[in-house]
Amino acid sequence: MLSFTVAHPLVQPAPERRAVLVTGAAGNIGQSFARRAGGRYDLTLLVHSEKHRAELQPFGKVVIDDLAD
């Protein structure tokens, strides 16, 4: 049986959104993940060029860089 107390309310607070770095965000898997997970996570989307910025911008912060550098 459930009961309510101030120390243990029945309604739990929403968990914090986790930050996720997506490398290769312009690829098929990266784009698919960004579209599906953008509402659940704070995404940083790593891409190689400016080309995909506009289409990925709605899902998170887009960073243009190269991990090889």
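Preceding this section is the structure that the text describes.
Note that the coordinates shown come from a computational prediction; the quantities given were computed from them, not determined experimentally.

**Q** Would you mind going over the overall build of the chain with me for this structure?
**A** When you go through the chain residue by residue, the secondary structure sums to two helices and three strands. Counting from the amino terminus, the chain carries its helices and strands in the arrangement β-α-β-α-β. Across the 69 residues that make up the chain, the buried fraction comes to 22%. For the chain, the computed accessible surface area is about 5,500 Å², with 57% contributed by carbon and sulfur atoms.

**Q** Got a minute to help me understand the environment of L67 in this structure?
**A** Looking at the element boundaries, L67 is found in the segment after strand 3 (61-64). Considered as a pair, L67 and T23 are 44 residues apart in the sequence and their alpha carbons are 8.7 Å apart. Leaving out residues up to four positions away in the same chain, L67 has contacts with T23 and L46.

**Q** What's the story with the packing of aromatic side chains in this structure? I'm lost.
**A** Any aromatic ring pair is given by two values, namely how distant the centres are and how the planes are angled relative to each other. Counted by the stated rule, this structure contains one aromatic pair. Geometrically, the ring pair formed by F33 and Y41 is stacked, given 6.4 Å between the ring centres and 20° between the ring planes. Overall, Y41 belongs to the partly exposed group, its relative accessible area being 27%.

**Q** Hey, could you run me through the side chain of Q31 in this one?
**A** Structurally, Q31 can be placed in helix 1 (residues 28-37). The buried category is assigned to Q31, whose relative accessible area is 14%. Within the structure, the side chain of Q31 is placed 2.7 Å from the backbone oxygen of A26, a separation counted as a polar contact. Apart from residues no more than four positions distant in its own chain, Q31 is found in contact with A25, A26, H52, E55 and L56.

Rules used in this analysis
Residues numbered from 1 in each chain as written. Predicted model: local features only at pLDDT ≥ 70, side-chain atom pairs only at ≥ 80, totals over all residues. Heavy atoms only, no water. Helix = DSSP H or I, 4+ residues; strand = E, 2+ residues; numbered from the N terminus. Buried < 20%, exposed > 50% of the residue type's maximum accessible area, 1.4 Å probe, protein only. Areas by Shrake-Rupley, 256 points an atom, 1.4 Å probe, with all protein chains shown as cover. Contact = heavy atoms within 4.5 Å. Phe/Tyr/Trp six-rings, centres within 6.5 Å; stacked < 30°, edge-to-face > 60°. Polar contact = N/O pair within 3.5 Å; in protein donor to acceptor, adjacent residues only side chain to side chain.

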